[in-house]
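Here is what each chain is made of, one letter per residue.
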Amino acid sequence: MRVTICIGSACHLKGSREIITQLQGLVKENGLEGQVDLNGAFCSGNCVSGVCITLDGEVYSLKPEDTKEFFEKEITGRL
Ligand code: FES
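Below is a summary of the structure that appears in this document. (Residues numbered from 1 in each chain as written. Predicted model: local features only at pLDDT ≥ 70, side-chain atom pairs only at ≥ 80, totals over all residues. Heavy atoms only, no water.)

To continue, consider helix α3 (residues 67-75). Restricting attention to buried positions, one finds in α3 the residues Thr-67, Phe-70, Phe-71, Glu-74 and Ile-75. The buried residues of α3 occupy an angular sector of 105° when the element is viewed end-on, so they sit on one face. Relative to its buried face, α3 has exposed residues pointing more than 90 degrees away, namely Glu-69 and Lys-73. Where the residues of α3 are buried, they touch β1 (2-6), α2 (16-29), β3 (51-55) and β4 (58-62). (Buried < 20%, exposed > 50% of the residue type's maximum accessible area, 1.4 Å probe, protein only. Helix = DSSP H or I, 4+ residues; strand = E, 2+ residues; numbered from the N terminus. Arc of directions from axis to C-beta. Contact = heavy atoms within 4.5 Å.)

Below, the structure written as structure tokens:
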């Protein structure tokens, strides 16, 4: 699964770096390195609420504090 996290300036201010760090940790803890491909991307024009994350083409908006829940629901839940 391809997971793209926006590192554009608006998303950076909302914590994209923290989300990336958390996701990297979660992927590692769960041994999913071969299945989850984390990428960074620049602004995709979705800087409305949280940090823009794209999962296989679907756009989500995420806050750093919701990263774990998002990971469990949307990432591991779909593998
Ligand atoms: S800065 Fe992330 S979508 Fe615009």
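This part takes up unusual backbone geometry. Phi at Asp-56 takes a positive value of approximately 45°, unusual for a residue other than glycine. Mapped onto the elements, Asp-56 comes out in the loop between β3 and β4. Residue classification places Asp-56 among the exposed residues on the basis of a relative accessible area of 52%.

A cluster of acidic residues, Glu-18, Glu-65, Asp-66 and Glu-69, forms a negative patch on the protein surface. If you trace the backbone, Glu-65 turns up in the loop between β4 and α3. (Patch = residues over 30% accessible without salt bridge, like charges linked within 9 Å, V, L, I, M, F, W, Y side chains within 5 Å. Areas by Shrake-Rupley, 256 points an atom, 1.4 Å probe, with all protein chains shown as cover. Salt bridge = Lys/Arg side-chain N within 4 Å of Asp/Glu carboxyl O. Lys, Arg positive; Asp, Glu negative; His and termini not counted. Charge placed at Lys NZ, Arg CZ, Asp CG, Glu CD.)

With that settled, consider the packing of α2 against α3. Where α2 meets α3, the closest approach of the two axes is 10 Å, and the angle between their N-to-C directions is 50°. Put simply, α2 runs oblique to α3. In the packing of α2 onto α3, the handedness of the crossing is right-handed. The segment α2 lies against α3, with Ile-19, Gln-22, Leu-23, Leu-26 and Val-27 engaging Thr-67, Lys-68, Phe-71 and Ile-75. Within the contact of α2 with α3, the residues separate by chemical class into 6 nonpolar, 2 polar and 1 charged. (Axes fitted to C-alpha atoms, helices over the stretch in contact; angles between N-to-C directions. Parallel < 35°, antiparallel > 145°, perpendicular 65-115°, else oblique. Left-handed = near helix turned anticlockwise from the far one by under 90°. Nonpolar A, V, L, I, M, F, W, Y, C, P; charged D, E, K, R; others polar.)

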